[in-house]
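# Notes for the structure review
If you want the building blocks of each chain, they are given just below.
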Amino acid sequence: QRLGRAGVAVNLSDIQVRALQGAELEAALDGVAELRITVFRDWPYLYDGSREYEREYLQTYRDNPGALLVGAFHEGKLIGASTSTPMEDHAPEFAAPFRALGIAPEMILYGAESVLLRPYRGIGLGHRFIDLREGHARALGRTHVAFCSVVRPEDHPARPAVYRSNDAFWRGRGYETLPGVVARFSWKDLGEAEETEKALQFWMRAL
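Residues numbered from 1 in each chain as written. Predicted model: local features only at pLDDT ≥ 70, side-chain atom pairs only at ≥ 80, totals over all residues. Heavy atoms only, no water.

Attention now moves to helix 2 (residues 51–63). Over its 13 residues, helix 2 extends 18 Å from the first C-alpha to the last, a length consistent with the 18 Å expected when each residue adds 1.5 Å. Listed in full, the buried residues belonging to helix 2 are Glu54, Tyr57, Leu58, Gln59 and Tyr61. The inward-facing, buried residues of helix 2 abut helix 1 (22–39), strand 4 (68–74), strand 5 (77–86) and strand 6 (108–116). (Helix = DSSP H or I, 4+ residues; strand = E, 2+ residues; numbered from the N terminus. Expected span 1.5 Å × (residues − 1). Buried < 20%, exposed > 50% of the residue type's maximum accessible area, 1.4 Å probe, protein only. Contact = heavy atoms within 4.5 Å.)

Buried residues dominate strand 6, accounting for eight of its nine residues. Of the pairings in the sheet, the one linking strand 5 to strand 6 comprises seven bridges and is antiparallel in character. By the bridge assignment, Gly80 is partnered in strand 6 with Leu116. Bridge count between strand 6 and strand 7 (residues 144–151): three bridges; the pairing is parallel. Paired with Ile108 across the bridge in strand 7 is His144. For the crossover from strand 6 across helix 4 (residues 125–139) to strand 7, the handedness is right-handed. (Pairing = 2+ DSSP bridges. Right-handed = clockwise from strand over helix to strand, strands pointing away.)

So, on to the packing of helix 1 against helix 2. Relative to each other, helix 1 and helix 2 sit at 130°, their axes nearing to 9 Å. Classified by the angle between their axes, helix 1 and helix 2 sit oblique to one another. The two elements helix 1 and helix 2 meet at a crossing, and its hand is right-handed. On helix 2, the residues touching Leu25, Glu26, Leu29, Asp30, Val32, Ala33, Glu34, Arg36 and Ile37 of helix 1 are Arg51, Tyr53, Glu54, Arg55, Tyr57, Leu58, Gln59, Tyr61 and Arg62. (Axes fitted to C-alpha atoms, helices over the stretch in contact; angles between N-to-C directions. Parallel < 35°, antiparallel > 145°, perpendicular 65-115°, else oblique. Left-handed = near helix turned anticlockwise from the far one by under 90°.)

Residue placement: His144 occurs in strand 7. Sequence-distant contacts of His144, defined by excluding residues within four places in its chain, comprise Met107, Ile108, Leu109, Met204, Arg205, Ala206 and Leu207.

A few words on the sheet that holds strand 5. Pairing is mixed in the open sheet, where seven strands are placed in the order 3-4-5-6-7-9-8. One side of each edge strand has no neighbouring strand; the edge strands of this open sheet are strand 3 (15–19) and strand 8 (176–187). Direction aside, the axes of adjacent strands within the sheet are offset by 25° on average. Relative to strand 5, strand 4 runs antiparallel, the two sharing seven bridges. Opposite Ala72, over in strand 5, you have Gly80 as the bridge partner. In the packing of helix 3 (residues 92–101) onto the sheet, contacts are made with strand 6, strand 7, strand 8 and strand 9 (196–206), and the angle to strand 8 comes to roughly 155°.

If you want it as structure tokens, here you go:
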């Protein structure tokens, strides 16, 4: 057993991590939506999500043969998920910065998100997600994997007094920030009435 980030003892061997396809993928979509809404409510995303938007967004993984949806299950419950898709199939505002670098989006797998419920963080599932993502990229003939993370002001009023980012974990897996490669995307923060544009810093690794 290992202690997760919330101090709960979890036996990693009791957690199943697998790529979801077909009927199993379809059955998991509502669970993935709930995970995204729950996890992204926290800092730094502060995402005020809706099930309607999530369901529509996640259909892209059902309908795209190049997409990957990985689920982590504990005692039959979906407790984590990781999604990836060919960069050219994702939002065009995400692909545009790479064209400016001279890297074809068709050579990049975009890691859209990895979300885990708090008790299951810090026990190695993030590594499992990245391993499957990078394996999928290689299977598609991709040469790079990229993802992005939101950039928030240091003086943001919602910033926790103690916060441990994932930067060290990502760098340990060989990912680095791409200076000046920033996408912009809009969503509604908790407590706000309207969507506002956010900056998202890209990270990338050559396989």
